[in-house]
Amino acid sequence: MTHRPFASADPALDEEVALLADADQRARSYIAGIGSRPVFPTERDIAGLSAFRESLPGEGHAPSSTVRLLDDVGSAGAVETNGGRYFGFVTGATLPVAAAADRIALAWDNSGTSSAGSPVSAVIEDVAAGWLLDILDLPRSSAVGFTTSASAGTVIALAAARRSLLAAHGWDLDRAGLAGSPTIRVVASELAHVVVIKALRILGFGLDNIEWAPVDDFGRIDPEKLPALDSSTILILQAGEVNSGEFDPFDRVIAIAESAGAWVHVDGAFGLWARASKHRELTSGVDRANSWTVDGHKWLNTPYDSAMVIARDPDALVGAMKSEAVYLPPAPDAQRNRTLEFSRRARGIPVWAALRTLGRAGVADLVERTMSLASYAADGLREAGYDVLNRVTLNQVLVATDDPEQTQRVLLAAQQSGRTWFGQTSWRGQLAFRISVSSWRTTRADIDDLVDLLRSLRHIG
Ligand SMILES: *Cc1c(COP(=O)(O)O)cnc(C)c1O
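Just so you know, these numbers come straight off a predicted model, no measurement behind them.

1. Let's talk about the packing of aromatic side chains
Applying the stated criterion to the full structure yields six aromatic pairs. Note on Phe89 and Trp421: the rings are 5.6 Å apart at their centroids and 35° apart in plane angle, and the pair reads as tilted. Pair noted here: Phe89 is in the loop between helix 3 (63-74) and helix 4 (96-108) and Trp421 is in the loop between helix 12 (404-416) and strand 10 (423-427), with a separation of 332 residues, a long-range link. Judged by centre distance (6.5 Å) and plane angle (65°), the rings of Phe270 and Trp299 are edge-to-face. Residue Phe270 is located in the loop between strand 5 (263-267) and strand 6 (291-295), and its partner Trp299 is located in the loop between strand 6 and strand 7 (307-311); the two are separated by 29 residues in the primary sequence. Members of the aromatic cluster, joined through ring pairs, are Phe40, Tyr86, Phe89 and Trp421. A cation over an aromatic ring shows up here: Arg37 above the ring of Tyr30, its NZ or CZ 3.8 Å from the ring centre. Over the ring of Tyr376 we find Arg444, and its NZ or CZ is 3.9 Å from the ring centre.

In C-alpha cells:
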C-alpha cells in the first residue's frame, strides 16, 4: 500500500490528528533528550508532580491541556529507564521499532481476542509465537499466550499445570473444583521469584504446603537435595535468578521430574533469552519442561505489559484458559483461550516487531553485548575496590563493600547523583546493590561512567 498523506474533510478527525501529532512531537522530544536528563528525577521534579493532584473535573479539560500537563510535568517526573544508564530491576529500554509498532497498533485499537476481533493481530501473534519458539528453541508445537507479565504468565501456567495433573489422576477440576481433589504438591526453588509465590497464593496452594528445594552457593537448585517428585507434583525452576542471574541445572533436575511424571514449570522471565545467544548452554535441557514464562519487557526490550506463557501441551493451556462465548466462533488457537484476558491489546505485535527487526543475530547480539558489559562492569568495580558477590555468568552484578553501612551510603549517593540508578537487594544475608545490564542502549562508555562514579563514591563518608 502506498503511503497517503493525511487528508480529511472531517474537522473532528483533523483535531484528533493534531492532538496525536502534538503528543508525538512531545514523545519525540523526550526520546531526543535521553541521556541529558538525570536518570532519576530530582526532588524538585518529584515535588512538581503534585500538579496532577487536581480534583476530578466536572466538565473536563481540553485534550490538548491533558497532553500538555502529562508531558510538561510528567516527563520531568519519569525515570529514564528508556536510557543506557539505568541498571535497576532488569528493565531494558524499549527498542524503537517495538515502541513504534505499539503506536500503530494503538491507532487500530483492535481487541486481540481472536481473528474475529482483529485478523491482523491474530496473524501477527501467530507468526510471533512461531518465531519465539524457534529462537528460544522450545518444542515447536507448544502453545504461546501473549500476556501482560511473567506474573500473569505464571498464574496461567500453574493453573494449567494443576488442572492437567488433576485430570491425569481422574479429577475434573472444572466441574468438581478443588475441594476433595487429590493433593497437588509444589516443589519450588528456595529462591523462587516473589511473583511465583504470589501465583501460588492466588491459586490457593497454601504457602505452608510448598516444599522448598535447597539451592547451592550460587543460587541453583541442588539436585542432591531435591525433594522426591511424583506424578502429583509441580516443580518450579528458574532460568535467571533475579539477583545472581543463575540457572537451575535443568538437564539433571528435569530428568528426575520426567521419570517421576511431575510437571516442570520454568520461570525464565529474563534469563530464558540466554538461549537465543551463544550462551545457550546455560539453559541446556530447559526445552524438556512442560511450561515456561518469559518476558518481552525485560531483556527483549519491548514496551511494558509484554510477556509470554508457553505450554508444551496446547490442550493444557487452552483447557485452563478457554473462554468461548456464544457470540464467538470457537477458536482454540485464539489468544483469549491462552491468556487471562478476553479483551486485550495484541501484545505480540511489539514482540513480532522486535524479532523481525533484530533477527536471530540481533537478539544474540543484544544478549551477548549486555552480558559482556555486565562482566566489564564487574571487573571495573572490583578494581575500584568493591566486592562482586556473584559469578556474573549473565547480566546481573551484585556489588557490596565490606561494610553494610558504607554500601548503603554509596547506594544512596549513586541514586541521588542523577548519573545512574540501581536498586538494593540482599544476597545470602548481605546488603548489596544489584546492577542489571539489560538495555540495548547501554555502551561501554555508560559502564565506564558508572565505574568512575562508584570509584569516586567508594569512601564517601
Ligand atoms: C521480573 C521477574 C518476574 C516477574 O515478571 P513480571 O513480568 O514483572 O511480572 C518473575 N521472575 C523473575 C525471575 C523475574 O526477574
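Further notes follow.
2. Remarks on helix 5 (residues 119-135)
With 17 residues, helix 5 extends 24 Å from end C-alpha to end C-alpha; this agrees with the ideal 24 Å at 1.5 Å per step. Taken together, the buried positions of helix 5 are occupied by Ser121, Ile124, Glu125, Ala128, Ala129, Leu132, Leu133 and Ile135. Buried residues in helix 5 make contact with helix 4, strand 1 (143-147), strand 7 and helix 11 (348-383). Of the residues flanking the end of helix 5, it is Asp137, one or two places downstream, whose phi is positive at about 50°.

3. Overview of the nonpolar core
Membership of the largest hydrophobic core comes to 48 residues, with the highest contact counts inside it found for Leu136, Leu235, Leu237, Val266, Trp273, Met308 and Ile310. Among the elements of the structure, helix 5, strand 1, strand 4 (233-238), helix 9 (250-260), strand 5, strand 6, strand 7 and helix 11 are those that each provide at least two residues to this core. With six residues, the single largest contributor to this core is helix 11. Here Val266 is in contact with Leu237, Gln238, Ala239, Phe250, Val286, Ala289, Ser291, Trp292 and Thr293, once residues within four sequence places are set aside. In this structure, Leu165, Ala199, Leu200 and Leu317 belong to the second largest nonpolar core, which totals 28 residues.

4. Brief notes about the packing of helix 11 against helix 13 (residues 444-457)
The axes of two packed helices give the description: the angle between them and the distance between them. With their axes 9 Å apart at the nearest point, helix 11 and helix 13 run at an angle of 25° to one another. Considering the angle they form, helix 11 stands roughly parallel to helix 13. Here the hand of the crossing between helix 11 and helix 13 comes out right-handed. For the pair helix 11 and helix 13, contact is made by Leu373, Tyr376, Ala377, Gly380, Leu381 and Glu383 and by Arg444, Ile447, Asp448, Val451, Leu454 and Arg455, respectively. Here the contact of helix 11 with helix 13 is built from residues that sort into seven nonpolar, one polar and four charged.

5. Some remarks on the site of the ligand
What surrounds the ligand is a group of 13 residues, the closest being Ser151, Asp267, Asp295, His297 and Lys298. One of the side-chain nitrogen or oxygen atoms of Ser151 is found 2.5 Å away from an oxygen atom of the ligand. In the model, a nitrogen atom of the ligand is placed 2.6 Å from a nitrogen or oxygen of the Asp267 side chain. Burial of the ligand by the protein amounts to 88% of the accessible area it has alone, namely 380 Å². A per-class count over the shell around the ligand returns five nonpolar, five polar and three charged.

6. Considerations on the side chain of Asn290
Along the chain, the position of Asn290 falls in the loop between strand 5 and strand 6. At 2.8 Å, the side chain of Asn290 forms a polar contact with the backbone nitrogen of Val264. If sequence neighbours within four positions are ignored, Asn290 has contacts with Ala262, Trp263, Val264, Ile310, Ala311 and Arg312.

7. Some details on unusual backbone geometry
A positive phi angle is found at Phe89, which is not glycine, with a value near 50°. Phe89 gets classed as partly exposed once you look at its relative accessible area, which sits at 47%. With phi around 50°, Val90 is a residue other than glycine that occupies positive phi space.

8. Examining the domain arrangement of the protein
When its domains are assigned, the protein resolves into domain 1 (11-80), domain 2 (101-355) and domain 3 (368-457). Relative to domain 2, the C-alpha centre of domain 1 lies at a distance of 36 Å.

9. Observations concerning helix 4
For helix 4, with 13 residues, the first-to-last C-alpha span of 19 Å sits near the 18 Å given by 1.5 Å per residue. Those residues of helix 4 that sit buried are Ala98, Ala99, Ala101, Asp102 and Ala105. What you see down the axis of helix 4 is that its buried residues fit within an arc of 160°, all on one side. Residues of helix 4 that are buried in the fold lie against helix 11. Just downstream of helix 4, Asp109 is the residue with a positive phi angle, here 55°.

The rules behind the values
Residues numbered from 1 in each chain as written. Predicted model: local features only at pLDDT ≥ 70, side-chain atom pairs only at ≥ 80, totals over all residues. Heavy atoms only, no water. Phe/Tyr/Trp six-rings, centres within 6.5 Å; stacked < 30°, edge-to-face > 60°. Helix = DSSP H or I, 4+ residues; strand = E, 2+ residues; numbered from the N terminus. Lys NZ or Arg CZ within 6 Å of the ring centre and 35° of its normal. Expected span 1.5 Å × (residues − 1). Buried < 20%, exposed > 50% of the residue type's maximum accessible area, 1.4 Å probe, protein only. Contact = heavy atoms within 4.5 Å. Core = buried A, V, L, I, M, F, W, Y, C linked by side-chain atoms within 4.5 Å. Axes fitted to C-alpha atoms, helices over the stretch in contact; angles between N-to-C directions. Parallel < 35°, antiparallel > 145°, perpendicular 65-115°, else oblique. Left-handed = near helix turned anticlockwise from the far one by under 90°. Nonpolar A, V, L, I, M, F, W, Y, C, P; charged D, E, K, R; others polar. Near = heavy atom within 4 Å. Polar contact = N/O pair within 3.5 Å; in protein donor to acceptor, adjacent residues only side chain to side chain. Areas by Shrake-Rupley, 256 points an atom, 1.4 Å probe, with all protein chains shown as cover. Domains from an automatic or database assignment. Arc of directions from axis to C-beta.

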